Structures are given as C-alpha cells and as structure tokens.
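Single-letter residue listing:
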Amino acid sequence: MIVVMKAGASKAELDSVIKEIENKGYRAHLMEGVERNVIGCLGDERGKAALQTLETLDGVEKVMPILSPYKLAAKQLQTEPSQVKVGENCVFGGKNIPMIAGPCSVESEKQIVETAIAVKKAGANALRGGAFKPRSSTYSFQGMGEEGLKYLAKAREETGLPIVTEVMDQHMVGLVAEYADLIQIGARNMQNFALLKALGTAGKPILLKRGMSATAEELLMSSEYILAAGNPDVILCERGIRTFETATRNTLDLNIVPVLKSRTHLPVVVDPSHGTGVWNYVGPMTKAGIAAGADGIILEVHPNPAEAESDGAQSLKPKVFEELMSELAPIAQAMGRTVGA
Ligand code: PEP
Ligand code: MN
C-alpha cells in the first residue's frame, strides 16, 4: 500500500503516520516529493486492509494499493528516473549514456592496465573485468580472484576509470565491494536470493544482469530484493536470453528496454557482447540498444581476443572499439542524449 500525504501536510503529521505504519508491523519507505510526500508500506500484503484506516489520520490524502509485486522498483512510488552514480563522475540514468568496456576476465596486470588505457582513450566511462568468473565448465578458467581485483584497482589508479566486477557468492560481497565501484551480479545469479539480500549493505551500486530465461517481472522482483535490503543504487542489464536461434549465442531482447522503462525508475543497461556472442554483431546491437533507450552499454574489449581466457569470440579489439565509439554520437543525439566520456 502507499500513503499519499496532502500537499501541505506538516512534519508532525508525516511522523505520526510513519509511526502508525510501523505500529501495524510494516516498514515505512518515505519518498519525498516536491509537492507532497508519499510513504510506501512494505510488508505482508495480506494485512493491507488494516492500512486503509490510515486514511483517517491528519495530513493523509489517500491510501491505495501498489499493484505491482515490486514496490520500490515500481514507477508508482517514484515517477522520476533514478540516477545511479558510479565512482566520481559516471552517472547512469541521466542524459549521458556511459560506456563500460573491458575484458571478460582479468588475466594479468599488463592485460587489464593496457585495456584500461585503450578504452579510456576511446571514450569509455568505466572499466569492466571479471576476477571471479561463472563458467559453465568447472575445467574452464575460473578467474584470478583477489589478485585480479588488485590489478583492477591498479588499472583504476592508472586511468581514473571506475571498475565494474562480478561477485558470485554472498560471502565475498565484502571483499569485492572493497575494490569495485559497481558490483556486477551475473545472469546465473539473478535469483540467488541470499546473494541479493547481502547486497543491501554492500555500500556500492549494483549492476543486476537478467537471467537467461528470466522475464522482465522476475528481473524486477530480483531488483526488489536489493532495494528492500537497503541499497537504492541498482542498475538493470539486458544481456540476451536463450531462444531457438543458434546463429547467435543469445538473443538480445531489446524489447525489454521499453518494457522496463515503462515499469521502473531504475536505469537500464544493454550488453551486446553476451547478447550476440559474436564480435561482428556487437557494433550494430550497441547502436540498436542506444536507439531502444538504453541508459548505458557494457561490452567486452580485449587487446588480443584470439588469446582471451574467456569470451574471445565476442570481444572487440581496442581499435574496433575506438571506431565504434566514433559512430555512436549521432545515434545518441537523435535520442536527445550524449554517449561516452
Ligand atoms: C560477463 O559479464 O562476463 C558474464 C559472465 O555475463 P553474464 O552473467 O551476463 O553471462
Ligand atoms: Mn563475458
């Protein structure tokens, strides 16, 4: 349920409504508006009839149900788009469309620093690189772990780029949060609810990737776990879904961009690398993602894709990334936006 306060309601009236919500066993989530305040009541939906009586309190205009199963992510509670700040000056959800680029995996200090310098020069806003890798095969390269995080920190030191890296396990959130500016939750962990809950106190923004067979609603419900656990800084990511098509690794579902934008205030990022699996298709789908309304792009760049430990086939060479960057501005401009640093 949400409680809409009257335009001129006093602070004392607001406080007593919040107190009453808590007395009824609900958590009150205050959304301060320019004209009026709205309070979300978070808790068991079955008792919501009891909340209807709040309408009799001073300062309350009306009490109404939030129809979607995700309350904090829904547009009903917050109509303005959320802006999520990553590092010092990279913002998702504003007019600019930040570009996150870097290798699938951190493989050595030289590889990640070299890539960071190249993508920064081409206009990237942030550096990606996995230190903990979710691999389908247990025999595949599993990532460098903490050593990889240290190399990412070195690359940030060298370039000033904020870093985006994945955490796979709830017990590792603290460690990854020490290094990351944006913590990635991979597709395979979108419904790892223990992990999602642990992100509430991570103190860093989260990039939540869509599971490969997850619906828009399931993605939003997963984002709600993080928001309800106390972390308001969530960015959603479309990274391709499993379909019957075999010409590409996944099918980049750009439909979900307007779907999400119509349902949530959270920024939406598109990942054309995992969405296609083929480096040659990454450029066109980056452009299509921007045209569809993406608030950011994340893609894979490797100094030598043929030698990459993971996802070489979908990784751009730095030169190709640089060329692509030079082609994106007119598309962003047509959307009333800017792109890259
Ligand atoms: C990745 O970003 O390298 C990755 C493993 O992505 P996803 O979880 O979308 O497969
Ligand atoms: Mn990858």
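Computed from a predicted structure; not experimentally measured.

Novice: What is the right way to read the site of ligand 1 from this model?
Specialist: Every residue near ligand 1 is listed here: Cys104, Arg128, Lys133, Pro134, Gln184, Gly186, Ala187, Arg188, Lys209, Arg239, His274 and Glu300. A distance of 2.7 Å separates an oxygen atom of ligand 1 from a polar atom in the backbone of alanine 187. Residue glutamate 300 places a side-chain N or O atom 3.3 Å away from an oxygen atom belonging to ligand 1. Summarising the interface, the protein chains cover 98% of the accessible area of ligand 1, which totals 300 Å² for the free molecule.

Novice: Just checking my understanding: could you explain the environment of leucine 208 for this structure?
Specialist: Summarising the element assignment, leucine 208 is placed in strand β12 (residues 206-209). Distance from leucine 208 to glutamine 184, taken between C-alpha atoms, is 6.1 Å for residues 24 residues apart in sequence. In this structure leucine 208 touches Ile185, Met190, Leu196, Leu219, Ser222, Ser223, Ile226, Val234, Ile235, Leu236 and Cys237, once residues within four positions along its chain are discounted.

Novice: Help me understand the pattern of salt bridges, please; the structure alone is not making it clear to me.
Specialist: Any two side chains of opposite charge can pair, on the condition that their charged atoms come close. Here the structure, examined in full by the defined rule, presents 17 salt bridges. Between arginine 36 and glutamate 61 there is a salt bridge, with the nearest N and O atoms lying 3.0 Å from each other. Of this pair, arginine 36 sits in the loop between β2 (27-32) and β3 (37-42) while glutamate 61 is found in strand β4 (residues 60-64), placing the two residues 25 residues apart along the sequence. Between lysine 150 and glutamate 146 there is a salt bridge, with the nearest N and O atoms lying 3.8 Å from each other. Linking lysine 150 with glutamate 146, this pair stays in helix α4 (residues 146-159), spanning 4 residues, or about one helical turn. Connected via shared salt-bridge partners are Glu109, Lys154 and Glu158.

Novice: Quick question: what am I supposed to make of the packing of helix α3 (residues 109-122) against α4 here?
Specialist: A packed helix pair is summarised by two numbers, namely the angle formed by the two axes and the spacing between the axes. The contact between α3 and α4 brings their axes to 9 Å, and the two run at 35 degrees. In this structure, α3 crosses over α4, and the sense of that crossing is right-handed. Residues Glu109, Ile112, Val113, Ala116, Ile117 and Lys120 of α3 form the contact with α4, whose participating residues are Tyr151, Leu152, Lys154, Ala155, Glu158 and Thr159. Classifying every residue of the contact of α3 with α4 gives 7 nonpolar, 1 polar and 4 charged.

Novice: Looking at this model, I keep getting lost on the coordination of the manganese ion (ligand 2). Mind explaining?
Specialist: Where a metal carries four tetrahedral donors, each ideal angle is 109.5 degrees; where it carries six octahedral donors, the ideal angles are 90 or 180 degrees. Protein-derived ligands of the manganese ion (ligand 2) are Cys104 (SG), His274 (NE2), Glu300 (OE) and Asp311 (OD), with the metal-ligand distances lying across 2.1 to 2.4 Å. Summarised as a motif, the one-chain spacing of the donors to the manganese ion (ligand 2) is C-x169-H-x25-E-x10-D. Note that cysteine 104 is positioned in the loop between β8 (99-102) and α3 and aspartate 311 in the loop between β15 (296-300) and α11 (318-334), a separation of 207 residues in sequence. Each member of the pair, cysteine 104 together with aspartate 311, is buried.

Cut-offs applied
Residues numbered from 1 in each chain as written. Chains lettered and ligands numbered in written order. Predicted model: local features only at pLDDT ≥ 70, side-chain atom pairs only at ≥ 80, totals over all residues. Heavy atoms only, no water. Near = heavy atom within 4 Å. Polar contact = N/O pair within 3.5 Å; in protein donor to acceptor, adjacent residues only side chain to side chain. Areas by Shrake-Rupley, 256 points an atom, 1.4 Å probe, with all protein chains shown as cover. Helix = DSSP H or I, 4+ residues; strand = E, 2+ residues; numbered from the N terminus. Contact = heavy atoms within 4.5 Å. Salt bridge = Lys/Arg side-chain N within 4 Å of Asp/Glu carboxyl O. Axes fitted to C-alpha atoms, helices over the stretch in contact; angles between N-to-C directions. Left-handed = near helix turned anticlockwise from the far one by under 90°. Nonpolar A, V, L, I, M, F, W, Y, C, P; charged D, E, K, R; others polar. Donors = N, O, S within 2.8 Å, 3.2 Å for Na, K, Ca; no water. Buried < 20%, exposed > 50% of the residue type's maximum accessible area, 1.4 Å probe, protein only.

This is a description of form; function is not addressed.
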